[in-house]
Amino acid sequence: MVETAGGGPGDGAAEVLDRPLPDGVRRRVVQIVSDGFGGLTLGELPAQLRQYARFAPNRRAKFAGNAMAAALETDPLFRQRIGEKLREAQPELSGALDSGSPPPAADPLDVAAAAYVLRPAGWVKLVTAAGEEALRADAERADEESRAELERLREQLDRSREQTRTETERLRTELETARKEAEALHRKLRAALSDVKRGEAALRKAQAEMEALRSEGQAQVSAAESETRRLKARLAETEAALEAGRKAAREGRSVEDMRVRLLLDTVLDAAQGLRRELALPPVSVRPAETVDAVEPGRMSPKDIAARALSEHDPAILDQLLALPQAHLVVDGYNVTKTGYPQMPLEKQRLRLLGQLSQLAAQTGAEVTCVFDGAELAAPVLLAPPRGVRVLFSKPGVTADELIRQLVRAEPPGRPVIVASTDREVADGVARVGARPVASAVLLKRLS
């Protein structure tokens, strides 16, 4: 059906196609637009097609086919420019369409596509006729292909029937041969079954004899393993007892050697200190020196009495720590709770240990600080400061008991000073030879 939308008679631009463009015609139209696309400048192209200006013709037809067909339909100026490129490329076909007599030998799809672009008078009829011709050609081609396929299937069926007959004869022959072979195999199988039964009887007899031998061997192995385990246990016990004896001997000897050596160092240092304190001459005593007299500058007993210090004077702690091989044992929480009880326990420990480290550096004395482990919610991650030994009491053991153990571990004669306000601790360490000092005295000395 052709509808006119205005214009004079024979004006193809006024005709409108009232059905979709046939697929074959549409593909030829897209190819025409793609071929003429490259001859246009970027300004002559519609805005939606400029992005495809640098594409190759085949790639342009593949990716921009829908966009080119839409632009050709809606943009008359673009269609006119493509029509001019088509006239330059195919002047004979274009002239024949303008004259209204398309070449009879031309492909109907090419004629319809050119008519759709050029829009001569009656182009809708040409496009419709090309679509019908393409459908008719497709139907005829499909009919020819169906006939050819039917003929091929008939020939294939005849060949299959012949092959089936040949295969059936071959299978019958093979079946007869297999039947004869099966009868022979049955005879051999019956003979083999008889041999298998005799072999099974012999195997059962051999298995029974083997099981008896295995049971006897396992009993002997079990007895040997039991004896081996017993000997190994006795050997392990002997080695453990021997190692325990050796360890006890080593520990006893090392502890006694350490105590004797430490006591010897204490005596030597005390002798040297006494020699320095008394200003003894390096030579032996002369007879003249035994005469009782007062030498100029010699300290009198009154002067010595004047040097006595109060029990609460922190200077007394310096005199005690100046003794040779002195060991200061500090009741940690007793000192911190006396001096700064309002601080958290962690900060109390850090403050006291920092001050004890300075004291150890100043006096050169051995310093051990003891804390009660019962007040710990978790193990303490603490790096002891230089010169200070930090100990926590074990579960079930108080810090007071740990201090008494430290004092008892020292050899008699070594100066041991214990800083604690606890009267029970002070009395206990005093009974074993240590010198108790109040926590307030240590705090005064540290401050």
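Residue positions within a chain follow its written sequence, with the count starting from 1. Per-residue local features of the predicted model are confined to residues with pLDDT of at least 70, and side-chain atom pairs are confined, for both listing and counting, to 80 or more; whole-chain, interface and lining totals are unaffected and use all residues. Values shown for side chains rest on all heavy atoms present in the structure; no hydrogens or waters enter the calculation.

Caption draft 1: Examining the overall build of the protein chain more closely. Secondary structure is summarised from DSSP: a helix means a run of H or I of at least four residues, a strand means a run of E of at least two, and numbering begins at the N terminus for each. A count of helical and extended segments in the protein chain gives 14 helices and seven strands. Taken across its 447 residues, the protein chain has 27% of its residues classed as buried. Look at the contacts in the protein chain between residues 6 or more apart in sequence, and 61% of them connect residues 24 or more apart. Each accessible area value is a Shrake-Rupley result obtained with a 1.4 Å probe; residue values ignore everything except the protein chains displayed when judging cover. Taken as a whole, the protein chain presents about 30,000 Å² of accessible surface, with 56% of it coming from carbon and sulfur. Only protein chains enter the accessibility calculation, which uses a 1.4 Å probe. A residue is then buried if its area is under 20% of the maximum for its type, exposed if over 50%, and partly exposed in between. Only heavy atoms matter for contacts: two residues are in contact if any of them lie within 4.5 Å across the pair.

Caption draft 2: Expanded view of the confidence of the model for the protein chain. When the pLDDT values of the protein chain are averaged, the result is 79; 83% of them are 70 or greater. One confidence number per residue, pLDDT, is output by the predictor and ranges from 0 to 100. Taken as a whole, residues 289-307 scores under 50 in pLDDT and shows four contacts with residues more than four places along the chain or in a different chain.

Caption draft 3: Focus on the nonpolar core. We define a nonpolar core as any set of buried Ala, Val, Leu, Ile, Met, Phe, Trp, Tyr and Cys residues linked to one another through side-chain atoms lying within 4.5 Å. Core analysis: the largest hydrophobic core is formed by 34 residues, its most contacted members being Val29, Leu72, Phe78 and Ile82. Those elements giving two or more residues to this core turn out to be helix H1 (23-37), helix H3 (65-74), helix H4 (76-89), helix H5 (91-99), helix H6 (108-118) and helix H7 (123-278). Top element by residues in this core is H6. It accounts for nine residues. In this structure, Leu72 is in contact with Val29, Val33, Phe78, Arg79, Ile82, Tyr116 and Val117, ignoring residues within four places of it in sequence. Within the second largest apolar cluster, 28 residues are counted, among which are Ile316, Tyr333, Val335 and Leu353.

Caption draft 4: Region of interest: the pattern of salt bridges. The salt bridge criterion pairs a side-chain nitrogen of Lys or Arg with a carboxyl oxygen of Asp or Glu, the two atoms within 4 Å. Summed over all chains, the structure comprises 16 salt bridges. Note that Glu149 and Arg152 form a salt bridge whose closest N and O atoms lie 2.1 Å from each other. With Glu149 and Arg152 both in helix H7 and three residues apart, the pair spans about one turn of that helix. Between Glu169 and Arg172 there is a salt bridge, and its shortest N-O distance comes to 3.4 Å.

Caption draft 5: How the structure looks around the sheet that holds strand E3 (residues 327-331). Two strands form a pair only when DSSP identifies at least two bridges running between them. An order of E5-E4-E3-E6-E7 is seen for the five strands of this open sheet, with the pairing classed as parallel. The sheet is open, and its two borders are formed by strand E5 (388-392) and strand E7 (435-437), each paired with just one other strand. This sheet shows a mean twist of 20 degrees between the axes of neighbouring strands, independent of strand direction. A fitted line through C-alpha atoms represents every axis, and for helices the fit uses only the stretch in contact; the resulting angles, taken between N-to-C directions, go from 0 to 180 degrees. In this fold helix H12 (residues 399-409) packs onto E3, strand E4 (366-371), E5 and strand E6 (416-419), with an angle of close to 155 degrees to the strand it touches most, E4.

Caption draft 6: Here's a closer look at the packing of H4 against H6. Between H4 and H6, the shortest axis-to-axis distance is 8 Å and the interhelical angle comes to 135 degrees. Looking at the two axes, H4 sits oblique to H6. The segment H4 lies against H6, with Arg79, Ile82, Gly83, Leu86 and Arg87 engaging Ala114, Tyr116, Val117 and Leu118. Split by residue class, the contact of H4 with H6 holds six nonpolar, one polar and two charged. An angle counts as roughly parallel when it lies under 35 degrees, as roughly antiparallel when it exceeds 145, as roughly perpendicular when it falls between 65 and 115, and as oblique in every other case. In this count, Pro and Cys sit with the nonpolar residues alongside Ala, Val, Leu, Ile, Met, Phe, Trp and Tyr, while Asp, Glu, Lys and Arg are called charged and the others, Gly among them, polar.

Caption draft 7: The pairing of E4, seen in detail. With five of six residues buried, E4 is to be regarded as a mostly interior element. In this structure, E3 lies alongside E4, joined through five bridges in parallel fashion. Note that in E4 the partner of Val330 across the bridge is Cys369. Judged from the five bridges that link them, E4 and E5 form a sheet pairing that is parallel.

Caption draft 8: Region of the structure containing the packing of H12 against helix H13 (residues 423-431). Where H12 meets H13, the closest approach of the two axes is 10 Å, and the angle between their N-to-C directions is 15 degrees. Between H12 and H13, the interaxial angle falls into the category roughly parallel. Read as a crossing pair, H12 and H13 show a hand that is right-handed. When H12 is examined against H13, the residues Asp400, Ile403, Arg404 and Val407 are found in contact with a partner set consisting of Glu424, Val425 and Val429. Residue composition of the contact of H12 with H13, by class: four nonpolar, no polar and three charged. Left-handed is the label given to a crossing in which the near helix is rotated counterclockwise from the far helix by less than a right angle, and right-handed is the label when the rotation is clockwise.

Caption draft 9: Highlighting unusual backbone geometry. With phi around 55 degrees, Gln325 is a residue other than glycine that occupies positive phi space. Tracing the backbone shows Gln325 in the loop between helix H9 (315-321) and E3. For Gln325, a relative accessible area of 27% puts it in the partly exposed group.

Caption draft 10: Here's a closer look at helix H14 (residues 439-446). Residues Ser439, Val441, Leu442, Leu443 and Leu446 constitute the buried set of H14. On its buried side, H14 packs onto H9, E3, helix H10 (332-339), helix H11 (345-363), E6 and E7.

Caption draft 11: A look at H5. Considered for burial, the residues of H5 that qualify are Leu93, Ser94, Ala96 and Leu97. Looking straight down H5, one finds its buried side chains confined to an arc of 160 degrees; they lie on one side. Across from the buried face of H5, at angles greater than 90 degrees, the exposed residues are Pro91, Glu92 and Ser99. Comment: arc refers to directions from the helix axis out to C-beta atoms.

Caption draft 12: Expanded view of the side chain of His327. Note on placement: His327 falls in strand E3. At 2.9 Å, the side chain of His327 and the side chain of Thr368 are in polar contact. The contact partners of His327, leaving out residues within four places of it in the chain, are Glu366, Val367, Thr368, Arg389, Glu410, Arg414, Pro415, Val416 and Ile417. Pairs of N or O atoms are called polar contacts if they sit within 3.5 Å, as long as, within protein, a hydrogen donor faces a hydrogen acceptor (for residues adjacent in sequence, only side-chain-to-side-chain pairs).

Caption draft 13: Inspection of the environment of Arg54 at higher detail. The residue Arg54 is located in the loop between H1 and helix H2 (57-63) in this model. Here Arg54 falls in the exposed class, since its relative accessible area comes to 83%. Taking C-alpha positions, Arg54 is 10.0 Å from Phe37, a pair spaced 17 residues apart along the chain.

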